[in-house]
Amino acid sequence: MKKETLFLKVVLVVMAIPALVMCFYGLPAMAHSMMPDFPDIKVYLSAFAAYVASIAYLFTLLQAFKLLRYIDTRTAFSQTSVLALKKIKRAAVVVSLMFACNLPLFYFVADGADAPGVMVIGLFITCAPVVIAVFAAVLEKLLKNAIELKEEQELTV
């Protein structure tokens, strides 16, 4: 491992740990505590959406880890990097859609607690992965253009 990317790889692993803990301990506990207040189907759908979002988030971290590995092996300007960015973009959209599926739950919590700020927080949480998807799309396009310029330069030499 190169020490230039070692810190970023450690950060990715540290970011994955809370998601894994949440999947195994947090989500079942939250679903169990929500059962008396909400109908069963809403709890199950919210838990399902949270699990799908967690899996997509972990998949995104895996793709970012692969990108760092490509940087280590000096193959960052390749089609595999473009493919990894495309997968990150799609996974971020899935995370955003799953959070959007949980917005009704935020509404019920905000209505019950008489706290409209909870709904705004839910909207921010839903929009954050969209920003990541847009950033990944921009990087994907830039990387495609860089690869094309690199190939064109190799042909002219």
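Residues numbered from 1 in each chain as written. Predicted model: local features only at pLDDT ≥ 70, side-chain atom pairs only at ≥ 80, totals over all residues. Heavy atoms only, no water.

For the protein chain, the name recorded in an unreviewed UniProt entry is DUF2975 domain-containing protein, with Paenibacillus spongiae as its organism.

1. Observations regarding the environment of leucine 62
Here is the rule we go by: Only DSSP runs of H or I covering at least 4 residues are called helices, and only runs of E covering at least 2 are called strands; the numbering of each starts at the N terminus. For every residue, the accessible area (1.4 Å probe, protein chains only) is compared with the maximum for its type, and the residue is labelled buried under 20%, exposed over 50%, or partly exposed between those bounds.
Mapped onto the elements of the fold, leucine 62 is located in helix α2 (residues 40-72). On the basis of relative accessible area, leucine 62 is assigned to the partly exposed category, the value being 41%.

2. Some thoughts on the layout of surface pockets
How we decide: Here a cavity denotes a set of grid points, spaced 1 Å apart and computed over the protein atoms alone, in which a 1.4 Å probe fits but from which it cannot get out, and a pocket denotes an open set meeting protein on both sides within 12 Å along at least five of seven lines; residues with an atom within 4 Å of a point are reported as lining. Grid points are joined across faces, edges and corners, and a volume is the space filled by probe spheres set on the points. Amino acids outside the nonpolar list (Ala, Val, Leu, Ile, Met, Phe, Trp, Tyr, Cys, Pro) and the charged list (Asp, Glu, Lys, Arg) are all regarded as polar, and Gly is one of them.
Estimates place the volume of the largest pocket at around 1200 Å³. Only α1 (3-34), α2, α3 (79-101), α4 (103-113) and α5 (117-156) provide two or more residues apiece to the lining of the largest pocket. Examining the composition of the lining of the largest pocket, we find that 13 residues originate from one element, α2, more than from any other. In terms of residue class, the lining of the largest pocket is built from 37 nonpolar, five polar and no charged. Here the second largest pocket defines a volume of roughly 150 Å³. Residue lining of the second largest pocket: Lys42, Leu45, Ser46, Phe48, Ala49, Met98, Cys101, Asn102, Pro104, Leu105 and Phe108, and that is the complete set. It is α2 that contributes the most residues to the lining of the second largest pocket, five residues altogether. Residues of the lining of the second largest pocket, tallied by class, amount to eight nonpolar, two polar and one charged.

3. Structural notes on the UniProt feature "transmembrane region" (unreviewed entry) in the protein chain
Note the following rule: UniProt positions are given in the numbering used here, feature names are shortened, and annotations may be inferred rather than shown by experiment.
Per the UniProt record, "transmembrane region" (unreviewed entry) is found at residues 7-28, 48-71, 91-110 and 116-139. End C-alpha atoms of residues 48-71 are separated by 35 Å, and the span's content is 100% helix alongside 0% strand. Between the C-alpha atoms that bound residues 91-110 there is a distance of 28 Å. The span itself is 95% helix and 0% strand.

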